[in-house]
Amino acid sequence: MKHEELIRIDCLGDMCPVPIIKLQKREGELSKGRQIVLITDHSCVSESVKNYCNVHRYKVKILEPVNGVWEFYISKKPND
C-alpha cells in the first residue's frame, strides 16, 4: 500500500471516547483504495473500535504487532 493511501490515527494513551471521536473526524477521508490505521494501547478502545466498525459496515483487520498495542486497518467494504 502506498503511503498516501494510509491515514494514520495515533490513539496511544487515549481513553474512550477519544479514539472514536478521532475516527469520526477522519472517516470522511475513506475512499476506494484508502485506509485508516488506528493505533491504540487500551483494550477497551479495541472493543469500541470493533463495534463502531461493525455498526458502520467498515471492513476492519486487527493486528497486535507488540503485546498490548493494536492496529486497526479500517476501509470501506466493496460496493459501499
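Use the structure listed above.
Below is a short write-up of the structure. Nothing here was measured: the structure is a model prediction, and the numbers come from that model. (Residues numbered from 1 in each chain as written. Predicted model: local features only at pLDDT ≥ 70, side-chain atom pairs only at ≥ 80, totals over all residues. Heavy atoms only, no water.)

The next point concerns the sheet that holds strand β4 (residues 69-76). Read across the sheet, four strands follow the order β1-β2-β4-β3 without closing on themselves; strand pairing throughout is mixed. The open sheet has two edge strands, β1 (6-11) and β3 (58-66), and neither has a second partner. Pairs of neighbouring strands in the sheet enclose a mean axial angle of 20 degrees, with direction left out of account. Of the strand pairs in this sheet, β3 and β4 are connected by seven bridges, and their pairing is antiparallel. Residue pairing for β4: Val-60 is matched across the bridge by Ile-74. Here helix α1 (residues 18-26) sits on the sheet in contact with β1, β2 (35-40) and β4, set at roughly 160 degrees to β1. Against the sheet, helix α2 (residues 43-55) makes contact with β2, β3 and β4, and its axis sits at roughly 10 degrees relative to β4, the strand it touches most. (Pairing = 2+ DSSP bridges. Helix = DSSP H or I, 4+ residues; strand = E, 2+ residues; numbered from the N terminus. Axes fitted to C-alpha atoms, helices over the stretch in contact; angles between N-to-C directions. Contact = heavy atoms within 4.5 Å.)

The next point concerns α2. Since the α-helix advances by 3.6 residues per turn, residues separated by three or four positions end up pointing in the same direction. The terminal C-alpha atoms of α2, which comprises 13 residues, lie 19 Å apart, in line with the 18 Å expected from a rise of 1.5 Å per residue. Within α2, the full set of buried residues consists of Val-45, Ser-46, Val-49, Tyr-52 and Cys-53. Each buried residue of α2 sits inside an arc of 135 degrees when the element is viewed along its axis, so together they form one side. Of the exposed residues in α2, those oriented more than 90 degrees away from the buried face are Ser-43, Asn-54 and Val-55. Just beyond α2, the residue with positive phi is Arg-57, at close to 60 degrees. (Expected span 1.5 Å × (residues − 1). Buried < 20%, exposed > 50% of the residue type's maximum accessible area, 1.4 Å probe, protein only. Arc of directions from axis to C-beta.)

The full count for this structure, using the stated rule, is four salt bridges. Salt-bridge contacts for Lys-22 lead to Asp-14; the nearest nitrogen and oxygen are separated by 2.6 Å. For Lys-22, a relative accessible area of 30% corresponds to the partly exposed category. A salt bridge links Glu-29 to Arg-26; its shortest N-O distance comes to 2.5 Å. Classification of Glu-29 by relative accessible area gives partly exposed; the value is 30%. Taking relative accessible area as the criterion, Arg-26 reaches 29% and is therefore assigned partly exposed. (Salt bridge = Lys/Arg side-chain N within 4 Å of Asp/Glu carboxyl O.)

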